[in-house]
Amino acid sequence: MSSVLTDLFPHPIVQAPMAGGVSVPQLAAAVSDAGGLGFLAAGYKTADGMYQEIKQLRGLTSRPFGVNLFLPQPETADPAAVDVYAHQLAGEASWYETELGDPESGRDDGYDAKLAVLLDNPVPVVSFHFGVPAREVIDSLHRVGSLTFVTATTAEEARAVERAGADVVIAQGVEAGGHQGTHRDLLETDGSGIGLLSLVAQVRESVGIPIVAAGGIMRGGQIAAVCAAGARAAQLGTAFVAAHESGAHALHKQALTNPLFARTELTRAFSGRPARALVNRFVREHGPYAPAAYPQVHHLTAPLRKAAAKAGDAQGLALWAGQGHRMARELPAGQLVEVLVAELASARTALSAGGAR
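Residues numbered from 1 in each chain as written. Predicted model: local features only at pLDDT ≥ 70, side-chain atom pairs only at ≥ 80, totals over all residues. Heavy atoms only, no water.

## Some details on the packing of aromatic side chains
On inspection of all chains with the given rule, the structure shows six aromatic pairs. Look at Phe70 and Phe130: their rings are 4.9 Å apart centre to centre, the planes differ by 45 degrees, and that puts the pair in the tilted class. Placement of Phe70 in strand E3 (residues 65-70) and of Phe130 in the loop between strand E4 (125-129) and helix H7 (135-143) is noted, with a sequence separation of 60 residues between them. Grouping aromatic residues by their ring pairs yields a cluster made of Tyr44, Phe70, Phe130 and Tyr294. (Phe/Tyr/Trp six-rings, centres within 6.5 Å; stacked < 30°, edge-to-face > 60°. Helix = DSSP H or I, 4+ residues; strand = E, 2+ residues; numbered from the N terminus.)

Take a look at the structure:
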């Protein structure tokens, strides 16, 4: 790995920041203590909520960790389309005996307030999703000693990340679970994502900054593959959803390997932005009609998802998962890192042996 990364974590394993309660301090601490890079997800939290989790994490580990922020989104949603979708979801609200959320609950996810906290209380790494932060934001984080990671889903986006002065680009393939980190949310690009190995190769030829590969990675052999393609480390999300320390709902953890949920799909059903989830009833019934309206749809469906969880109904949950979900292993996070490191070493030995013939 680049010295930028090896100074932070000895093993090329990054735990993806998963918003919605999955990436809790206990998970991040376990990964960091095992030699990976643990992450907190600030998305959907208040600035104070993020700060409290950072304090808790610092009490659990002395190792480096990261915090992820969502970039504010432009106001491009069609209010009429959101209203139509709300009407369609009325039956869900009746079924779960709850009200739909207010789609105008907030659009910037408290971005400025969270940045202020991170500048006053610096953390080793700050990463960004859904776009590229302004150059002055990255410069200000550098001044307080934080490294910056930014997600890209194309080579063009990766070049924008490098131009902004970020230290690392996270190349996110279409296989990834959860939200695609595209810099612009365009309906016409739905379904046109690039597979991870192809993306890493393209990004490697486009930028000079280190690459962290993300998307469907579940085994050490896959980490070896993306490193051979040009990445310096791999970011794993779904692999850690099933970890003992994960904050994911028990139904979510079980669904990863439940034959009832045979495949994943990119859907706007829960948030209004493309995100890969296990296909359940909610995705089948509402995915085809969900508008491009993030975060309005996220706010609209939040009470439905909460009620489904309370009712123990996995068919109404946002079961975020990458394409490798059936390979999930229910292990303590630290042990999972150890297993991945052993698999990585074995894969590299096999590659070396093959090349020596």
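Here the narrative resumes.
## Points about helix H14 (residues 296-311)
Over its 16 residues, H14 extends 24 Å from the first C-alpha to the last, a length consistent with the 22 Å expected when each residue adds 1.5 Å. At Ala302, H14 is bent by approximately 40 degrees, the largest bend along its length, and proline Pro303 sits one to four residues beyond. When we look at burial in H14, the residues that qualify are Gln296, Val297, His298, His299, Leu300, Thr301, Leu304, Arg305, Ala307 and Ala308. Where H14 is buried, its residues touch helix H4 (79-88), helix H5 (90-95) and helix H13 (281-286). Where H14 ends, the next residue or the one after it, Gly312, has phi of about 70 degrees, a positive value. (Expected span 1.5 Å × (residues − 1). Bend = angle between axes of the 7 residues up to and from the residue. Buried < 20%, exposed > 50% of the residue type's maximum accessible area, 1.4 Å probe, protein only. Contact = heavy atoms within 4.5 Å.)

## A short note on the environment of Arg204
In this fold, Arg204 is placed in helix H9 (residues 196-204). Remark: the alpha-carbon pair of Arg204 and Val132, spanning 72 residues in sequence, is separated by 18 Å. Excluding anything up to four places from it in sequence, Arg204 contacts Ile211, Ala229 and Gly230.

## Side note on the nonpolar core
Val67, Leu69, Phe128, Val169, Ile223, Leu236 and Phe240 are the most contacted members of the largest nonpolar core, which totals 106 residues. A total of six residues in this core trace back to one element, the largest contributor, which is helix H15 (residues 333-355). For Val169, the contacting residues outside a window of four places in its chain are Val150, Ala152, Ala158, Val161, Val203, Val207, Ile209, Pro210, Ile211 and Val212. One finds Phe9, Phe149, Val212 and Ala233 within the second-largest nonpolar core, a separate group that totals 14 residues. (Core = buried A, V, L, I, M, F, W, Y, C linked by side-chain atoms within 4.5 Å.)

## Notes on the sheet that holds strand E7 (residues 178-179)
Read from one edge to the other, the open sheet built from three strands follows the order E7-E11-E10, with strand pairing classed as antiparallel. Of all the strands in the sheet, the pair left with one neighbour each is E7 and strand E10 (264-267). Sheet topology note: the E10/strand E11 (residues 275-278) ladder contains four bridges and is antiparallel. Bridge pairing links Thr267 to Ala275 in E11. (Pairing = 2+ DSSP bridges.)

## A few points about the packing of H4 against H14
Axis separation between H4 and H14 bottoms out at 11 Å; the angle between their running directions is 20 degrees. Regarding the angle of H4 to H14, the classification is roughly parallel. Pair H4 / H14 crosses with right-handed handedness. Packed against H4, whose contacting residues are Val82, Tyr85 and Ala86, the element H14 presents Gln296, Val297 and Leu300 at the interface. In terms of residue class, the contact of H4 with H14 is made up of five nonpolar, one polar and no charged. (Axes fitted to C-alpha atoms, helices over the stretch in contact; angles between N-to-C directions. Parallel < 35°, antiparallel > 145°, perpendicular 65-115°, else oblique. Left-handed = near helix turned anticlockwise from the far one by under 90°. Nonpolar A, V, L, I, M, F, W, Y, C, P; charged D, E, K, R; others polar.)

## Digging into the pairing of strand E6 (residues 168-172)
Side chains on a regular strand alternate between the two faces of the sheet. Among the five residues that make up E6, five are buried, leaving the element largely enclosed by the rest of the structure. Residues Val168, Ile170 and Gln172 point to one face of E6 and Val169 and Ala171 to the other, with burial holding for every one of them. Where strand E5 (residues 147-152) and E6 come together, four bridges link them in parallel fashion. Within E6, the residue paired with Ala152 across the bridge is Ala171. Where the polypeptide runs from E5 across helix H8 (residues 155-163) and back to E6, its parallel neighbour, the crossover connection is right-handed. The pairing of E6 with strand E8 (residues 211-214) spans four bridges and is parallel. Residue pairing in the sheet places Ile170 in a bridge with Val212 of E8. (Right-handed = clockwise from strand over helix to strand, strands pointing away.)

## Quick look at the sheet that holds E3
Through backbone hydrogen bonds, the strands of a sheet pair up, either in parallel or in antiparallel fashion. Across the sheet, eight strands lie side by side as E1-E9-E8-E6-E5-E4-E3-E2; this open sheet has parallel pairing. In this open sheet, the two strands that pair with only one neighbour each are strand E1 (13-15) and strand E2 (38-41). Direction aside, the axes of adjacent strands within the sheet are offset by 25 degrees on average. For E4 and E5, the ladder comprises four bridges, and the chain directions are parallel. Each bridged residue has a counterpart across the sheet, and for Val125 the counterpart in E5 is Leu147. Of the strands in this sheet, E2 and E3 are in contact with helix H3 (residues 47-60), which crosses E3 at around 170 degrees.

## So, unusual backbone geometry
Note that the residue after Tyr294, namely Pro295, is joined by a cis bond; omega there is 5 degrees. Along the polypeptide, Pro295 turns up in the loop between H13 and H14. In the Ramachandran plot, Glu97 falls in the positive-phi region, its phi being about 55 degrees despite a non-glycine side chain. Following the sequence through the fold, Glu97 ends up in the loop between H5 and helix H6 (111-120). Although it is not a glycine, Asp109 sits at a positive phi angle of roughly 55 degrees. Relative to the assigned elements, Asp109 resides in the loop between H5 and H6.

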